[in-house]
Amino acid sequence: CYYMYDWMQREEYKSKYADNLNKELPHIPRVKQLADFWAFSQAGRKLAELHINYETVKPYTVTFDVALDTLSNTDFYVKQMKFAKKGDKSTVIYNNKITIKNIPVAAYDYVVNGKPALEWVMERQAVTTHKDSGIVNDANDWAIETMNNPRYPLELFLRVITVSLETMEIVNGLPKLEIEWFR
């Protein structure tokens with residue numbers, strides 16, 4: 001299980017077998033060396049634990065343009081996070097009071113379903129209105145009512161930086177793919 005979880009995170013695997021992964025269940029490759037199997041399995045375990053427990057990892061330390069401890073709970077309300085400048089992902093405007101700076105650009109290397117995980121957070125931790133029904137989806141409501149934490153969207157963003165960087169460190173530290181296919 002952990003062996004396969006690691007494989008699913010590897011860009012090399014996803015790009016090499018992209019056509020098949022869109023049409024059928026993933027094939028289970030067999031590595032040539034037992035030591036590689038254990039490396040992939042152990043990496044898969046670390047990745048699974050990291051991804052399952054993403055809400056408890058230590059938030060990444062960034063720079064803010066304001067001291068957060070001087071803000072009230074209402075100052076953490078987010079409508080839509082956005083990049084401060086086109087082409088510069090190191091700075092994100094959280095809202096009109098909070099700007100997140102010194103985001104490592106490498107954190108955007110962890111991609112989920114074709115989009116960096118951080119950009120998924122930016123997109124989903126927002127206030128949106130469904131065009132046809134008019135139903136409002138407000139991430140701030142979830143933060144306050146379910147998590148009892150108005151800072152949740154910001155903290156989630158910082159935690160996903162940590163998860164993204166650690167994921168890529170694990171994946172990039174694995175041996176080169178040398179596989180055999182079962183027939």
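Everything discussed here concerns the structure shown above.
Criteria and thresholds
Note on numbering: residues in each chain are counted from 1, in written sequence order. Given that this is a predicted model, residues contribute local features only at a pLDDT of at least 70 and side-chain atom pairs are listed and counted only at 80 or more, while totals for whole chains, interfaces and linings are drawn from all residues. Side-chain figures throughout are based on the complete set of non-hydrogen atoms in the structure, without hydrogens or water. Think of it this way: any DSSP run of H or I at least four residues long counts as a helix, any run of E at least two long counts as a strand, and we number them from the N terminus. As used in this structure description, the phrase polar contact means that two N or O atoms lie within 3.5 Å; if the pair is within protein, one of them must be able to donate a hydrogen and the other to accept it, and residues adjacent in sequence are counted only when both atoms belong to side chains. In what follows, a contact means two residues having at least one pair of non-hydrogen atoms within 4.5 Å. Paired strands are those between which DSSP finds at least two bridges. Axis definition: a line fitted to C-alpha atoms, over the contacting stretch in the case of helices. Angles run 0 to 180 degrees between N-to-C directions. Within this document, salt bridges are pairs made up of a side-chain nitrogen of Lys or Arg and a carboxyl oxygen of Asp or Glu, the two lying within 4 Å of each other. Summary of the burial criterion: residues with accessible area below 20% of their type's maximum are buried, those above 50% are exposed, and those between are partly exposed, where the area comes from a 1.4 Å probe applied to protein chains only. An angle below 35 degrees is treated as roughly parallel, one above 145 as roughly antiparallel, one from 65 to 115 as roughly perpendicular, and anything else as oblique. Under the grouping applied here, Gly and all other residues not named as nonpolar or charged are polar, the nonpolar ones being Ala, Val, Leu, Ile, Met, Phe, Trp, Tyr, Cys and Pro and the charged ones Asp, Glu, Lys and Arg. With the far helix as reference, a near helix turned anticlockwise by less than a right angle produces a left-handed crossing, and one turned clockwise produces a right-handed crossing. Given a helix with a known number of residues, its expected span is that number minus one, times 1.5 Å. Here, nonpolar core refers to any group of buried Ala, Val, Leu, Ile, Met, Phe, Trp, Tyr and Cys residues whose side-chain atoms link them within 4.5 Å.

**Structural notes on the side chain of Asn140**
Inference 1: In this fold, Asn140 is placed in helix α6 (residues 139-146).
Inference 2: Within the structure, the side chain of Asn140 is placed 2.7 Å from the backbone oxygen of Val78, a separation counted as a polar contact.
Inference 3: In this structure, Asn140 is in contact with Phe76, Tyr77, Val78, Val127 and Pro153, ignoring residues within four places of it in sequence.

**Remarks on the sheet that holds strand β3 (residues 82-85)**
Inference 1: Overall, antiparallel pairing links the four strands, which are arranged β2-β5-β4-β3 in an open sheet. Pairing within the sheet leaves two strands with one partner each, and these edge strands are β2 (63-64) and β3.
Inference 2: As defined by bridge partners, β2 adjoins strand β5 (residues 99-101) across two bridges and the pair is classed as antiparallel. When the sheet's bridge partners are listed, Phe64 is paired in β5 with Ile100.
Inference 3: Together, β2, β4 (88-93) and β5 form the strand contacts of helix α7 (residues 152-172), whose direction differs from that of β5 by roughly 15 degrees.

**With respect to the pattern of salt bridges**
Inference 1: Tallied over the entire structure, the rule returns four salt bridges.
Inference 2: A salt bridge links Glu123 to Lys115; the nearest nitrogen and oxygen atoms lie 2.4 Å apart.
Inference 3: The class of Glu123 is partly exposed, set by a relative accessible area of 32%.
Inference 4: Between Arg124 and Glu123 there is a salt bridge, and its shortest N-O distance comes to 2.6 Å.
Inference 5: A single salt-bridge network, built from bridges that share partners, covers Lys115, Glu123 and Arg124.

**So, the packing of helix α4 (residues 34-52) against α7**
Inference 1: Orientation of α4 relative to α7, taken along the N-to-C sense of each, is 175 degrees, at an axis distance of 10 Å. As summarised for this structure, α4 and α7 are arranged roughly antiparallel, according to the angle between their axes. Between α4 and α7, the contacting residues are Ala43, Lys46, Leu47, Leu50 and His51 on the first element and Val163, Glu166, Thr167, Ile170 and Val171 on the second.
Inference 2: Of the residues in the contact of α4 with α7, the class split is six nonpolar, two polar and two charged.

**Structural notes on the environment of Thr99**
Inference 1: Inspection of the secondary structure puts Thr99 in strand β5.
Inference 2: Relative accessible area serves as the criterion here: at 14%, Thr99 is assigned to the buried category.
Inference 3: When sequence neighbours within four positions are dropped, the list of residues in contact with Thr99 reads Thr63, Phe64, Asp65, Thr91, Val92, Ile93 and Tyr94.

**Describing the packing of helix α5 (residues 117-124) against α7**
Inference 1: At a minimum axis distance of 9 Å, the contact between α5 and α7 shows a crossing angle of 165 degrees. On the basis of the axis angle, α5 is roughly antiparallel to α7. Taken as a pair, α5 and α7 cross one another with a handedness that is right-handed. Contact residues: Ala117, Leu118, Val121 and Met122 in α5; Leu156, Phe157, Val160, Ile161 and Ser164 in α7.
Inference 2: In terms of residue class, the contact of α5 with α7 is made up of eight nonpolar, one polar and no charged.

**Quick look at α4**
Inference 1: With 19 residues, α4 should cover 27 Å at 1.5 Å per step; its first-to-last C-alpha distance of 27 Å lies within 8% of that length.
Inference 2: Looking only at α4, the buried set comprises Asp36, Phe40, Ser41, Ala43, Gly44, Leu47, Ala48, Leu50 and His51.

**Observations regarding the nonpolar core**
Inference 1: Judged by nonpolar contacts, the single largest core of 27 residues is most densely connected at Met81, Ile100, Ile103, Leu118, Phe157 and Ile161.
Inference 2: Among the secondary structure elements, those contributing two or more residues to this core are α5 and α7.
Inference 3: Take this core: its biggest share by element is eight residues, from α7.
Inference 4: Dropping the residues within four chain positions of it, Leu118 is found in contact with Ile103, Ala107, Tyr108, Phe157, Val160 and Ile161.
Inference 5: Counting eight residues, the second largest nonpolar core, distinct from the first, contains Phe40, Leu47, Ile170 and Leu174.

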